[in-house]
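Topology and contacts: notes
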Amino acid sequence: VVLDETLDRLGEWEVDEDIYEDAAMIVTELVANAVDHARSSSTLTIDLDDHGLRLAVRDTCLAGVPRLAPADPHAPRGRGLQMVDALSTNWGVTRHGDGKTVWAVLAT
């Protein structure tokens, strides 16, 4: 549902269809990380402005800040943030008193 709503919003904003697949991959990864690692409630926000398309997931977990790890071709997991890094023009983490927001920006 979240992904469908995101893609619907991109259509409403008339975002270039080439961006849809990258946005879908990033949203999927950020939400999956919040579910797997934060294990708290989370909120997805998407914004479009002069800087690009910003995709962000805020959670209420104070522990652990996502970090880009070196690729391990033998590991069964752990490549998600590498995909986010490769697909986005910029990404990062903003800490809050009650959790964090992991965000990524796509050029439009």
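Everything below is about the structure shown above.
Described below are features of the structure shown in this document. Bear in mind that the values here come from a model prediction, so they are computed numbers and not experimental data. (Residues numbered from 1 in each chain as written. Predicted model: local features only at pLDDT ≥ 70, side-chain atom pairs only at ≥ 80, totals over all residues. Heavy atoms only, no water.)

Before going further, it helps to examine the overall build of the chain. Secondary structure summary: the chain contains three helices and four strands in total. Each helix and strand of the chain, placed in order from N terminus to C terminus, yields the pattern α-α-β-β-α-β-β. The C-alpha atoms of the chain give a radius of gyration of 14 Å, which matches the 13 Å a tight globule of 108 residues would have. Considering only C-alpha atoms, the chain reaches an extent of 35 × 35 × 25 Å along its principal axes. The proportion of buried residues among the 108 residues of the chain is 33%. Of all intrachain contacts in the chain linking residues separated by at least 6 positions in sequence, the fraction that spans at least 24 positions is 56%. In the form shown here, the chain has an accessible surface area of approximately 6700 Å², with 51% of it arising from carbon and sulfur atoms. Between the centroid of the 9 positive side chains of the chain and the centroid of its 19 negative side chains there is a distance of 15 Å. (Helix = DSSP H or I, 4+ residues; strand = E, 2+ residues; numbered from the N terminus. Rg over C-alpha atoms; globule rule 2.2 N^0.38 Å. Buried < 20%, exposed > 50% of the residue type's maximum accessible area, 1.4 Å probe, protein only. Contact = heavy atoms within 4.5 Å. Areas by Shrake-Rupley, 256 points an atom, 1.4 Å probe, with all protein chains shown as cover. Lys, Arg positive; Asp, Glu negative; His and termini not counted. Charge placed at Lys NZ, Arg CZ, Asp CG, Glu CD.)

Before going further, it helps to examine the pattern of salt bridges. Under the definition given, this model contains three salt bridges. Note that Arg58 is salt-bridged to Asp98, the shortest N-O span being 2.5 Å. Within this pair, whereas Arg58 is found in strand β2 (residues 52-59), its partner Asp98 is found in the loop between β3 (90-96) and β4 (99-106), the two being separated by 40 residues in sequence. The partner of Lys100 in a salt bridge is Asp59, with the nearest N and O atoms 3.1 Å apart. Linking Lys100 in strand β4 with Asp59 in strand β2, this pair joins segments that are 41 residues apart in sequence. Pair check on accessibility: Lys100 and Asp59 agree, each one buried. (Salt bridge = Lys/Arg side-chain N within 4 Å of Asp/Glu carboxyl O.)

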